[in-house]
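Working through the structure, step by step
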Amino acid sequence: MVKYYVKRTLLGSTLIVGLLIITYLLVYIAPGDPAHVWAGKPRGPKATEAIELARKELGLDQPLHIQIVTFMIRFLTGNWGVSIAFKQPIADVILRSFKATAELLLFSYMIAIPLGLALGIFMALKRGSKVDLLLRLTSSMFISVPRFWLALIVVFVFYLIGFQSLGRMDPRFSIEFKEVTGFYLLDSLLILRVDIFLDVLTRLTAPSLIIAVYPVFSIAKYVRYTLSERFYEDYVIEAVSLGISRISILTRYALRGVIPAVVQLAGINFVYSFVETTIVELVFMREGIGKILVDGILRSDYPLIVAAFFTVSLILVAVNTFTDILQKRLDPRVTI
Amino acid sequence: MVLNVKKEFAVQAEALSLGYEDLGSVFWAVRDVHLEIERGSSLCIVGESGSGKTTLGNAIAGLLPPYVRVAGKLVIEGVEVIKDSRVIGANKIRGRIVTKIPQNPATSLNPYVRIEQMFYDVLRDVRGIREKRIAREEISKLVSAVGLEEDVLYMYPHELSGGMSQRVTIALALASKPSIIVADEPTSNLDAYLKGHIVRLIRDLSDKFGISLVVITHDISITEVVCKDMVVMFLGEIVERGHVKDIIRAPLHPYSSELIEAVNLESASYKPKKYAGGCVYHARCPHASNECLKPPPLLKLSDGREVKCWRQAR
Amino acid sequence: MNFTRVSNKGRTTLWRCLRRTDFKVGVTIIATLTIIAILSPVITPYPDEGVGLITEAAKQRGPQPPSLKHPFGTDMVGRDMLSRVLIGSRYSLIQTTLVIFGSLAIGVILGVLAGYFRGIVEAVVNYAIELFLLLPPVIVAAALSVAIGPGMSTVVLSLILTWWAWYARLAYIQSRQIRELDFIKVSEALGFGRVYVAFRHLLPNVAPPVVVQSMIDTASVLLEIATVNFLIGSVSASLDTPDWGMMIGYGFRYITTYWWMSFFPGLFLVVTAFGFILVGDAISEESSPNLRRRWRQWF
């Protein structure tokens with residue numbers, strides 16, 4: 001068992017190395033001078049100087065493999081340089097935005113997983129009925145609505161009814177507000193301000209629910225199918241014939257076998273949701289990875305985008321490794 | 001159709017048919033079965049795969065799949081399970097009156113919990129024993145009755161051997177104190193040595209607790225050990241019924257003789273087809289005549305012996 | 001136990017699909033859209049404005065809300081939105097097709113190679129699959145738009161980069177099973193080259209299920225493309241390409257004043273995605289016996 005954890009973590013680490021190489025190659029494949037791109041395509045009197053600096057940073061006068069190693073060491077030691085767009089250390093910019101995105105995403109998944117499970121169980125019990133058909137059509141409809149467009153409609157409707165939903169917090173609180181952890185929901189409680197907490201919560205709810213759409217229906221669809229198939233497993237039929245009550249069979253027999261796979265599915269969906277979150281954030285004018293991307297493109301801040309790319313991929317490696325290990329932990333039959 | 005519900009019978013089936021819906025048409029797995037099993041007796045249902053014996057056994061255990069079509073009447077311990085072509089009481093008998101010993105013990109135990117959990121579930125949900133201490137004592141008794149150490153209770157199903165898990169399923173079947181136990185091919189996954197042990201264990205325990213026993217098997221060699229009576233099924237119909245000893249000594253139906261002579265039934269090359277009318281066996285019967293194109297009546301002979309064959313009718 | 005009977009009435013998957021209402025509705029939506037895409041230069045009232053030209057008439061018009069003359073309104077520079085949305089169907093369909101075919105080609109070929117040649121090829125391809133599955137397409141697109149500039153090729157490239165790995169994994173699993181079958185062994189024994197066997201015998205048997213899978217998740221590709229286009233649209237100072245995702249991304253800054261600029265492209269996107277999802281669900285249900293089974297709760 002321990003051997004599996006080590007193996008899975010090692011794979012995760014090699015993936016990080018691979019990601020760094022891809023990240024570097026992204027710099028390299030750009031047409032023209034990589035130093036020019038890395039320096040943010042500068043113009044003006046100081047351009048040559050900036051490009052020379054970038055050339056030194058990337059080590060472009062050395063062979064490619066040395067360049068990659070230098071690049072990796074820089075990244076792994078946290079020396080990410082200064083952002084062109086924000087004039088701040090990239091690591092700080094990323095960390096701050098990342099916390100904002102993480103708050104939204106985690107909150108969204110805290111809603112999505114229980115809701116998806118509940119809906120899936122209900123659909124499994126009703127499989128083959130009219131209600132099931134109706135729910136499946138509804139979920140197909142919800143999945144076919146792009147979340148950024150849904151967000152747009154919600155923002156528009158909120159605007160029409162005069163409901164404040166943009167940003168992470170009402171600007172009038174910004175003076176009194178103190179950042180402790182960077183997670184506003186937590187911070188507002190730490191400084192004992194219920195009014196700020198409620199404000200943060202209301203602004204968080206709409207985007208969270210929109211991001212939750214995909215995981216909810218994807219988990220529900222999966223649970224509906226796998227759980228209802230479980231009802232015909234030998235051990236469930238045996239439990240029925242022994243007279244064990246329906247609720248026990250559902251929770252301790254049928255559902256118990258579905259949970260490990262749901263954990264893994266949630267992990268895979270998380271990758272997808274991360275991407276959606278960046279866009280939904282943009283629409284709700286919240287700070288986060290999405291804003292970094294937009295500012296990065298607008299200001300040709302290539303190092304910032306590369307850092308964001310690397311950070312997000314790193315999180316996804318971590319989440320996938322974690323859910324894989326958790327899935328194995330939950331299944332007693334696995335004895336690696 | 002009037003059927004007197006008699007208390008001395010564990011199972012009463014009257015003109016019972018069981019079938020599966022298949023896009024409009026119905027495949028009848030069991031046709032027009034009349035069967036009475038006395039309380040405390042033991043009956044083997046013998047036949048090859050496709051004979052409908054498992055479907056009949058499942059119906060007795062209250063396991064009626066969705067899209068099942070039923071006709072006739074089935075009464076288990078005075079509880080009407082099937083009446084007027086409808087399933088009305090399957091959930092009343094499952095666990096409380098009938099339990100089942102499964103064919104594949106290894107896959108029939110919940111792989112995600114320790115063995116003891118299943119016992120607790122049965123004791124709580126069927127017998128209402130909520131107190132852990134009482135339940136624990138009860139479980140100890142059950143486990144030792146089937147000849148297992150208490151260690152197994154803390155194991156997961158995948159850690160048990162085939163023989164151990166079959167013993168666990170037997171203990172589980174006894175846990176709810178049923179009046180009837182249906183054993184579905186209890187030995188099909190065991191080697192010859194274990195087979196004898198398990199079969200004797202099932203017989204002795206049902207004798208000890210006064211439980212009526214229904215054993216479904218294709219293996220005629222175990223019938224002598226475990227049962228007093230036997231029915232032989234072919235293509236959904238009962239073709240012969242009687243004491244095990246009588247049938248094995250002098251089978252009246254040609255299919256019964258074939259069964260007794262056959263070394264291994266599963267290798268029989270003939271696959272049962274859809275019932276086409278007449279005697280179910282006539283396509284395969286060495287003695288078939290024109291008479292067999294009409295369905296033969298069920299002939300009642302002395303000492304509870306019944307047979308469905310034109311040769312005996314003559 | 002006869003607990004689970006699967007009916008096999010109705011011959012092939014396609015035949016069974018054709019009898020389903022949801023499949024018919026989905027196919028109708030996709031077919032209508034394809035016809036619109038083909039005929040769009042002819043049937044739209046302002047085809048020039050549709051493809052992005054800022055005509056004199058448009059300049060004078062300016063942004064206008066939906067009216068009889070312009071049912072979907074006009075955009076920032078006065079171009080007719082109806083024309084732009086209808087012509088936009090071409091862009092969506094072409095991008096989706098390119099991404100799916102590109103990913104299928106790369107994925108199936110690499111998957112077959114990995115499944116057939118063991119050892120180092122298998123290890124490298126599997127590692128690449130794990131790696132590329134992790135890449136977030138929107139961020140790859142952001143990096144590419146800085147590196148090579150924003151545009152349709154950036155979108156298609158970033159999507160293929162992240163999508164091929166799904167098909168490769170599927171093709172790999174398939175070919176690992178098929179390579180054990182007799183006919184592959186016979187071809188090898190007959191002295192055919194390994195590469196010949198892999199592409200001549202393995203590939204034709206691996207490809208169909210992967211292609212079916214690609215039909216099932218066309219809607220996801222369409223929506224993912226739209227998401228990436230949204231990002232590009234939202235950073236564009238001006239927008240000529242009539243892509244739905246880009247138009248929504250471009251229009252979202254003006255949602256409170258010119259809502260029609262992002263509403264109507266979104267509506268078309270939703271209906272198209274719904275059509276693909278209906279078809280995909282029908283195919284996935286009809287091609288898997290377990291999903292096809294009639295069902296009723298039994299205990």
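For every chain, the first residue of its written sequence is number 1, and the numbers climb from 1 along that sequence. Chains carry letters from A onward and ligands carry numbers from 1 onward, assigned in written order. Only residues with pLDDT of at least 70 are given local features in this predicted model, and only at 80 or more are side-chain atom pairs given and counted; all residues enter the totals for whole chains, interfaces and linings.

1. A word on the overall build of chain B
- Secondary structure elements follow DSSP: runs of H or I of four or more residues count as helices, runs of E of two or more count as strands, with numbering from the N terminus. Broken down by element type, chain B carries ten helices and 13 strands.
- Overall, chain B is about 65 × 40 × 40 Å in size when its C-alpha atoms are taken along their principal axes.
- When the 314 residues of chain B are sorted by exposure, 48% land in the buried category.
- In this description, a residue-residue contact is defined by the distance between C-beta atoms placed from the backbone, which must lie within 7 Å. Relative to all contacts within chain B whose residues are 6 or more apart in sequence, the contacts with residues 24 or more apart total 64%. The burial criterion counts other C-beta atoms lying within 10 Å of a residue's C-beta, which is placed from the backbone; the residue is buried at 20 or more, exposed at 12 or fewer, and partly exposed between these limits.

2. Overview of the packing of helix 12 (residues 289-298) of chain A against helix 13 (residues 302-330) of chain A
Residue and element names in this part refer to chain A.
- Viewed as axis vectors pointing N to C, helix 12 and helix 13 meet at an angle of 150°, and their least axial separation amounts to 9 Å. Here helix 13 runs roughly antiparallel to helix 12, going by the angle between their axes. Between helix 12 and helix 13 lies a crossing of left-handed hand. Contact with helix 12, carried on its side by Ile 289, Ile 292, Leu 293 and Gly 296, involves Leu 304, Ile 305, Ala 308 and Val 312 of helix 13 and no other residues of that element.
- In the scheme used here, Gly and all other residues not listed as nonpolar or charged are polar, with Ala, Val, Leu, Ile, Met, Phe, Trp, Tyr, Cys and Pro taken as nonpolar and Asp, Glu, Lys and Arg as charged. Taken together, the residues of the contact of helix 12 with helix 13 sort by class into seven nonpolar, one polar and no charged. A fitted line through C-alpha atoms serves as each axis, taken over the contacting stretch for helices, and the angle formed by two N-to-C directions is quoted from 0 to 180°. Put simply, angles under 35 degrees are roughly parallel, angles over 145 are roughly antiparallel, angles from 65 to 115 are roughly perpendicular, and the rest are oblique. Two helices cross in a left-handed way if the nearer one is turned anticlockwise from the farther one by less than a right angle. They cross in a right-handed way if the turn is clockwise.

3. Section: the nonpolar core
- Any set of buried Ala, Val, Leu, Ile, Met, Phe, Trp, Tyr and Cys residues joined through C-beta atoms within 7 Å is what this text calls a nonpolar core. One finds A:Ala308 and C:Ala143 to be the most contacted residues of the largest nonpolar core, which totals 267 residues.
- If one sorts the elements of this core by residue count, helix 11 (residues 246-283) of chain A sits on top with 16 residues.
- Counting contributing residues per domain, this core is built from domain 1 (2-76) and domain 2 (90-330) of chain A, each supplying no fewer than three.
- With residues up to four places along the chain from it excluded, the contact list for A:Ala308 reads A:Ile94, A:Ile289, A:Ile292, A:Leu293, A:Gly296 and C:Ile139. The domain boundaries here were taken from an automatic or database domain assignment.

4. Side note on the environment of C:Gly233
- Here C:Gly233 is to be found in helix 11 (residues 218-235).
- With sequence-adjacent residues up to four places away left out, C:Gly233 is seen in contact with C:Leu239, C:Gly245, C:Met246, C:Met247, C:Ile248, C:Gly249 and C:Tyr250.

5. Remarks on the sheet that holds strand 7 (residues 98-101) of chain B
Residues and elements named next belong to chain B.
- At least two bridges found by DSSP between two strands are what make those strands a pair. Sheet architecture is open: eight strands sit in the order 7-8-9-3-10-11-13-12, paired in mixed fashion. Single-partner strands in this sheet number two, and they are strand 7 and strand 12 (299-300).
- The sheet contact formed by strand 3 (residues 42-46) and strand 9 (residues 212-217) spans five bridges and is parallel. Among the inter-strand pairings, Ser 42 is bridged to a residue of strand 9, identified as Leu 213.

6. Overview of the interface of chain A and chain C
- The interface of chain A with chain C comprises 52 residues on the first partner and 46 residues on the second.
- Secondary-structure elements contributing two or more residues to the side of chain A that touches chain C are helix 1 (2-29), helix 6 (130-144), helix 7 (147-161), helix 9 (194-230), helix 10 (234-241), helix 11, helix 12 and helix 13 of chain A.
- If one sorts the elements of the side of chain A that touches chain C by residue count, helix 13 of chain A sits on top with nine residues.
- Here the side of chain A that touches chain C is composed, by residue class, of 40 nonpolar, nine polar and three charged.

The analysis is restricted to geometry; functional conclusions fall outside its scope.
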